[in-house]
Amino acid sequence: MAPSLEIPVEAMFRQCDRNQFDFKDTSALAPLETVIGQERAVQAIDFGLNMKSAGYNIFVSGPVGTGKATIVGDIVSQHARHEKRPSDWILVNNFSDTYRPVAIAVPSGCAHEFSRRMYRLVDELRQALPKAFDNKEFQDRQAALQKKFNQLQEKIFEALAQKAHERQLRINRTKIGYQTIALKNDQPITQEDFENLPEEEQNQLKENIRAFQEEIEAAETRSNQLAQDQQTQFEQLMQEVALFLIRNRLNMLRKTFEGWTAIQAYLDAVQADMLDNVQYFMPVREEGAGAADNSGNHLGGFDFKRYSINVLADRRQVQGAPVIFEPNPTYQNVFGHIEKRAYLGVLKTDFTMVKAGSLLHANGGYLLMEIEAVMMNPLVWEALKRALQTKLLSIEDMASEMGYGVASQRPEPIPLDIKVILLGSYGVFEKLQNFDSKFDKIFKVRADFDNEADLTPETIQLYARFIARVAREEKLRPFTPDGVATMVEYGQRFAADQQKLSLRFGPIVGVLKEADYWARKSEAAAVTGEHIHQALQKRRFRYNLYEEKMAASFDDESVLLDVDGRMVGQVNALAVYQMGDIAFGRPSRITAETFMGKPGLVSIERETELSGRTHDKGVLILSGYLGRTFAQSHPLGLSISIAFEQSYGPIDGDSASSTELYAILSSLADLPIHQGIAVTGSVNQKGEIQAIGGVNQKIEGYFDVCRKRGLNGRQGVMIPRANVKNLMLKKQVVDAAVAGQFHLYQVARVTEGIEILTGVEAGRADEAGHYPPASVYGRIQHKLQTFAERNRRLRQGDAESRA
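Just so you know, these numbers come straight off a predicted model, no measurement behind them.

1. Structural notes on the overall build of the chain
Phase 1 of the analysis: The secondary structure content of the chain amounts to 26 helices and 30 strands.
Phase 2 of the analysis: Relative to the globule expectation of 28 Å for 803 residues, the C-alpha radius of gyration of the chain, 47 Å, shows a markedly less compact shape.
Phase 3 of the analysis: Counting only C-alpha atoms and orienting by the principal axes, one finds that the chain spans roughly 165 × 85 × 50 Å.
Phase 4 of the analysis: Buried positions account for 48% of the 803 residues belonging to the chain.
Phase 5 of the analysis: Residue pairs in contact within the chain that sit at least 24 positions apart in sequence constitute 75% of those at least 6 positions apart.
Phase 6 of the analysis: Looking at the chain as shown, the accessible area adds up to about 41,200 Å², and 50% of this sits on carbon and sulfur atoms.

Following this line, the structure appears as structure tokens:
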């Protein structure tokens, strides 16, 4: 053994000093208002928020559970609070094209008031205009106008009658026009008298009447022109009266929104349209002739909703710039949609049924979305890029967008001034950056969240304040210094590093809530470390059924595993299994056999296609190390077979490559290995032991098997030296190490590991490349030389027999 390579107990777990906390419980602490350990991300977000140039939208990447959404939301909200509140947006009727309504920006917080005042204005005019037209002054002017035109019409008729009299004709006015009657001696000629006249005289009368018809037509033309002039002057009179009322009421709105050009233009259009349709403001006097329905819509074809205001974005409740988080970014939710209603079997819509999406609600501010959710909804990603590039938002009907021939509204595009912030994993970011040519042009800022922070006195205190904040926001019991210290230790273990604290606050908050549950159940006034340990134990019990089932296979020896004694070419390896939120270690037996035969290293898992690429790479590295160490003067000339015993599923990773190498070295040297020592660690071609993941779970998994079999002081685990800083072992393992019943070893090279496992010196080669005969490598060298000599003799014998 090499005692200097044994890991001291104090290195197996880094305890958090309870005395550094000078509070009774976290209720005395100020809740955390800053961000722990994310300086890089915070600076990137701050840069993106303050960079106003086009394309500087932000993509926030990082592991799940780091609190990206919460932190980014807090930062953006705080930043937006100090910005100017943007304009409201309304949608109004386009009187020249009802299918192309117009979006108008109105002063912030005024959209609702503008809509209300327009509704009231129309309602007042529908009452005031009929009264104005019933006014005596208007009636007198209308009567005078009527009298004037009646007189003119009478003059036309009198002149026509005079000309008729000169031609011995009489003109009678009927409902269908003028009737011409021939006279004789100023008396009408009857039909009987006409027939008794000579034919020549009859023809003369007919010609006289036919010639006078041109005079009648000219008179009718003058009469019709007078009727049109009369109607025009009647309408002008009505518009004159209406204009006074309409203009006076609209002027109040014009004054309120002075300087807002689009609103002024709209009010001018409203005034012109009302004057053109002033007759519809008159009460219906004949039953059934264009009566109004309950909604105020004119059944004669006129709809007073044409003057309604559709409020798309109302900022009354917004402080500063809007910040919108869209949890379900469907096309309709992001860009808006156009509703329809069924009427007599037909789908109808109008500009009042256009609804805004989160992109417009956030216009002038910030929109946050999860990129994974965005990519799950068809059309959203491409439409979002198009809107951000053109700085225009188009609210379109999905049916029209997808090619279905449905008549619908098509509002004019709305100018966009928005900062979009997407949150997602690094994997999605990498794919978009590599395969979407527009991505880098639109999202020029990346804020990368870390999942851990350096363990310092400052971060520990910030951790305590974070716990205080969670306790206050979630209405949990306060946490004692022992409870805070236990959470710090849990953060170290979760980060798998004694020098780091985990920043994956999602799982941490879950532990805090569950610890509060057990504290409340025990009627404790505050949450202690004991409650946290209880919460962690109960959580593991809820999820570790599969782990216990696998552990039972060792107990009944369904799976063979030796934890004591010695064996040649056999080593216990360690693997980590991940089942949802639970990760646990499981030992497995690796065996190696070496013999004369076709040169090469055969991995049974590789041959049966049960291994992954990383595992295969680790196996191939073993050939490189063996050749570098033992084949400098002659070929290896042997066959090697290695296998994971009783492994029937796929395996991957290179953390067992050093274990496989130790089994091969043991087989070549014919030296037994201590079966009580399990091994983990990868190896390179130079024989250096490299760090692996899941070291705590691997050690604890093997410890549990040994504990059930009975600890005897000869058991332990050998890990890479680079992994010592990752040790945050559970209390049972540390206690066993203190009692000398369980040991941990650290190695940096293969030679150190083989000495621990065999108890024999590995050996150092002299200048000629020879190892000491009694050393591990000396034994291997001797065996390889023996194999080479036998191979030479066999080849020589084959050559002689052929000769």
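2. Describing the sheet that holds strand β23 (residues 600-603)
Phase 1 of the analysis: Across the sheet, 7 strands lie side by side as β23-β24-β22-β21-β26-β29-β30; this open sheet has mixed pairing. The sheet is open, and its two edges are formed by β23 and β30 (742-747), each paired on a single side. The sheet shows a mean angle of 30° between the axes of neighbouring strands, taken without regard to direction.
Phase 2 of the analysis: Pairing between strand β21 (residues 570-579) and strand β26 (residues 677-679): 2 bridges, direction parallel. If you follow Asn-572 over to β26, its bridge partner there is Ala-678.

3. As for the sheet that holds strand β7 (residues 310-313)
Phase 1 of the analysis: As summarised here, the arrangement of the 3 strands in space is β3-β2-β7, forming an open sheet in which the pairing is antiparallel. Of all the strands in the sheet, the pair left with one neighbour each is β3 (102-106) and β7. Ignoring strand direction, the axes of neighbouring strands in this sheet form an average angle of 35°.
Phase 2 of the analysis: When strand β2 (residues 88-92) meets β7, the two strands line up antiparallel, connected through 3 bridges. Bridge assignment links Trp-89 to a residue of β7, and that residue is Ala-313.

4. Some thoughts on unusual backbone geometry
Phase 1 of the analysis: In this structure, Glu-523 takes a positive phi of about 60° despite not being glycine.
Phase 2 of the analysis: Within the fold, Glu-523 resides in the loop between α17 (505-521) and α18 (529-543).
Phase 3 of the analysis: Even without a glycine there, the phi angle at Glu-557 is positive, about 60°.
Phase 4 of the analysis: Looking at the element boundaries, Glu-557 is found in the loop between α19 (545-555) and β20 (566-568).

5. Focus: the confidence of the model for the chain
Phase 1 of the analysis: Within the chain, residue pLDDT values average 88, and 94% of them lie at 70 or more.
Phase 2 of the analysis: Of the regions scoring below 50 in pLDDT, residues 287-296 engages in 12 contacts with residues more than four places distant in sequence or in other chains.

6. What about the nonpolar core?
Phase 1 of the analysis: If you look at the biggest cluster of nonpolar residues, it comprises 44 residues, and the most contacted ones within it are Tyr-662, Ile-664, Leu-665, Met-718, Val-750, Tyr-777 and Ile-780.
Phase 2 of the analysis: A per-element tally of this core places helix α22 (residues 657-669) first, with 7 residues.
Phase 3 of the analysis: In this structure, Val-750 is in contact with Tyr-625, Leu-661, Tyr-662, Leu-665, Val-683, Gly-687, Ile-689 and Tyr-777, ignoring residues within four places of it in sequence.
Phase 4 of the analysis: Counting residues in hydrophobic clusters, the runner-up holds 41 residues, among them Val-374, Leu-388, Ile-418 and Phe-429.

7. Let's talk about the packing of aromatic side chains
Two measures describe an aromatic ring pair: the distance that separates the ring centres and the angle between the ring planes.
Phase 1 of the analysis: A complete count under the given rule lists 24 aromatic pairs for this structure.
Phase 2 of the analysis: When the centroid spacing of 6.0 Å and the interplanar angle of 35° are considered together, the rings of Tyr-426 and Phe-429 count as tilted. Placement of the pair is Tyr-426 and Phe-429 together in helix α13 (residues 426-435), with a separation of 3 residues, close to one helical turn.
Phase 3 of the analysis: Residue classification places Tyr-426 among the partly exposed residues on the basis of a relative accessible area of 41%.
Phase 4 of the analysis: Taken together, Phe-59, Trp-381, Tyr-426, Phe-429, Phe-439 and Phe-443 form an aromatic cluster joined through their ring pairs.

8. Thoughts on the pattern of salt bridges
Phase 1 of the analysis: Within the structure shown, the criterion is met by 36 salt bridges.
Phase 2 of the analysis: We note a salt bridge from Asp-397 to Lys-340, for which the minimum N-O separation is 2.6 Å. Of this pair, Asp-397 sits in the loop between β14 (392-393) and α12 (398-401) while Lys-340 sits in the loop between β9 (337-338) and β10 (341-343), placing them 57 residues apart in sequence.
Phase 3 of the analysis: For the salt bridge of Lys-385 with Glu-382, the shortest nitrogen-to-oxygen distance reads 3.1 Å. With Lys-385 and Glu-382 both in helix α11 (residues 380-390) and 3 residues apart, this pair spans about one turn of that helix.
Phase 4 of the analysis: Note on Lys-385: relative accessible area 4%, which makes it buried.

9. Points about the environment of Tyr-625
Phase 1 of the analysis: Relative to the elements of secondary structure, Tyr-625 occurs in helix α21 (residues 613-630).
Phase 2 of the analysis: Classification of Tyr-625 by relative accessible area gives buried; the value is 4%.
Phase 3 of the analysis: Remark: the alpha-carbon pair of Tyr-625 and Leu-661, spanning 36 residues in sequence, is separated by 9.0 Å.
Phase 4 of the analysis: Not counting residues up to four positions away in its chain, the partners in contact with Tyr-625 are Leu-661, Asn-684, Gln-685, Lys-686, Gly-687, Val-750 and Tyr-777.
Phase 5 of the analysis: Here Tyr-777 takes part through its side chain, which lies 2.6 Å from a polar atom of the side chain of Tyr-625.

10. Some words on the packing of helix α23 (residues 695-709) against helix α24 (residues 731-738)
Phase 1 of the analysis: With their axes 10 Å apart at the nearest point, α23 and α24 run at an angle of 70° to one another. Taken together, the axes of α23 and α24 are roughly perpendicular relative to one another. The element α23 and its partner α24 pack so that their crossing is left-handed. Seen from α23, the contacting residues are Ile-699, Glu-700 and Phe-703; seen from α24, they are Gln-732, Val-733 and Ala-736.

11. Details of α18
Phase 1 of the analysis: Under the 1.5 Å per step criterion, the end-to-end length of α18 is 22 Å for 15 residues, consistent within 8% with the ideal 21 Å.
Phase 2 of the analysis: The complete set of buried residues in α18 reads Gly-529, His-531, Ile-532, Ala-535 and Arg-539. Buried residues of α18, seen end-on, are gathered within an arc of 165° and therefore sit on one face of the element. Relative to its buried face, α18 has exposed residues pointing more than 90 degrees away, namely Glu-530, Gln-537 and Phe-541.

Quick notes on the rules
- Residues numbered from 1 in each chain as written.
- Predicted model: local features only at pLDDT ≥ 70, side-chain atom pairs only at ≥ 80, totals over all residues.
- Heavy atoms only, no water.
- Helix = DSSP H or I, 4+ residues; strand = E, 2+ residues; numbered from the N terminus.
- Rg over C-alpha atoms; globule rule 2.2 N^0.38 Å.
- Buried < 20%, exposed > 50% of the residue type's maximum accessible area, 1.4 Å probe, protein only.
- Contact = heavy atoms within 4.5 Å.
- Areas by Shrake-Rupley, 256 points an atom, 1.4 Å probe, with all protein chains shown as cover.
- Pairing = 2+ DSSP bridges.
- Axes fitted to C-alpha atoms, helices over the stretch in contact; angles between N-to-C directions.
- pLDDT = per-residue confidence, 0-100.
- Core = buried A, V, L, I, M, F, W, Y, C linked by side-chain atoms within 4.5 Å.
- Phe/Tyr/Trp six-rings, centres within 6.5 Å; stacked < 30°, edge-to-face > 60°.
- Salt bridge = Lys/Arg side-chain N within 4 Å of Asp/Glu carboxyl O.
- Polar contact = N/O pair within 3.5 Å; in protein donor to acceptor, adjacent residues only side chain to side chain.
- Parallel < 35°, antiparallel > 145°, perpendicular 65-115°, else oblique.
- Left-handed = near helix turned anticlockwise from the far one by under 90°.
- Expected span 1.5 Å × (residues − 1).
- Arc of directions from axis to C-beta.

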